[in-house]
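# Coordinates in review
Here's the letter readout for the chains.
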Amino acid sequence: AIQQSFHQHYPNIPGEVVFENDKVVVQKYVVKPGQWEGVHTHSGNQLYVHLKGGEWTMRYGDKKETSVAKDGSVGWMDKVTMAQDHESGNTGKEPIEFLWITLKQ
C-alpha cells in the first residue's frame, strides 16, 4: 500500500518540517514578494497560521482573488486536487511567513 504523505508540497517554495509525530506534521514556509507557490494539492484537514501576514493572491483556474492576511491569522484548508489548478502568490511588498499544521487522519 502506498503511504499517504501528509507533508504539504509546493513546487517553487521549500518548506521546513518544524515538528512531526504520528498525529500531526507542522511545516514552516516563507514566501517572498513576487513568489508563487506553483500549482499544488492540499491533503485536507490542515490549519494554517500566519506568523507574518501579507497580501496574497489565490488562484483556482481562471479565478483570482486577492486578500490581506493579518499577522497571527488562522484558517482551515479542505482537500484540493490538481484538477482544481490552484496556487497562491505573495503580491505584497513584504515576505509572508506561515505554518501548515496537517492532521494525519
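Sequence positions are assigned chain by chain, starting from 1 and proceeding in written order. Confidence filtering applies because this is a predicted model: local features only for residues at pLDDT of at least 70, side-chain atom pairs given and counted only at 80 or more, and all residues used for totals across whole chains, interfaces and linings. Calculated side-chain values reflect all of the structure's heavy atoms, with hydrogen atoms and water omitted.

## As for the environment of Gly-92
Relative to the assigned elements, Gly-92 resides in the loop between β7 (86-90) and β8 (96-103). Residues Gly-92 and Val-68 lie 24 residues apart in sequence; the distance between their C-alpha atoms is 8.7 Å. Only heavy atoms matter for contacts: two residues are in contact if any of them lie within 4.5 Å across the pair. Apart from the residues within four sequence positions on either side, Gly-92 is in contact with Pro-33 and Glu-55. Where helices and strands are cited, they refer to DSSP runs of H or I of at least four residues and of E of at least two residues respectively, numbered from the N terminus.

## Looking at a nonpolar patch on the surface
Excluding any residue in a salt bridge, patches collect residues exceeding 30% relative accessible area, merging like charges within 9 Å and nonpolar Val, Leu, Ile, Met, Phe, Trp and Tyr side chains within 5 Å. To measure how exposed things are, a 1.4 Å probe is used in the Shrake-Rupley method; for residues, cover is taken only from the protein chains shown. A pair is scored as a salt bridge if a Lys or Arg side-chain nitrogen falls within 4 Å of a carboxyl oxygen belonging to Asp or Glu. Among the surface-exposed residues, Leu-47, Val-74, Trp-76 and Leu-103 lie close enough to one another that they form a single nonpolar patch of about 340 Å² accessible area. Among the secondary structure elements, Val-74 is positioned in strand β6 (residues 74-77). Partly exposed describes any residue whose relative accessible area lies between the buried limit of under 20% and the exposed limit of over 50%, with all areas from a 1.4 Å probe on protein chains only and scaled to the type maximum. For Val-74, a relative accessible area of 53% gives the class exposed.

## Some remarks on the environment of Asn-90
Its location among the elements puts Asn-90 in strand β7. For the pair Asn-90 and His-42, spaced 48 residues apart in sequence, the C-alpha separation works out to 18 Å. In this structure, Asn-90 is in contact with Val-31, Lys-32, Pro-33, Gly-34, Gln-35, Glu-55, Trp-56, Pro-95 and Ile-96, ignoring residues within four places of it in sequence. Separated by 2.9 Å, the side chain of Asn-90 and the backbone nitrogen of Gly-92 make a polar contact. N or O atoms closer than or at 3.5 Å make up a polar contact, with two conditions inside protein: a donor-capable atom paired with an acceptor-capable one, and, for residues adjacent in sequence, both atoms drawn from side chains.

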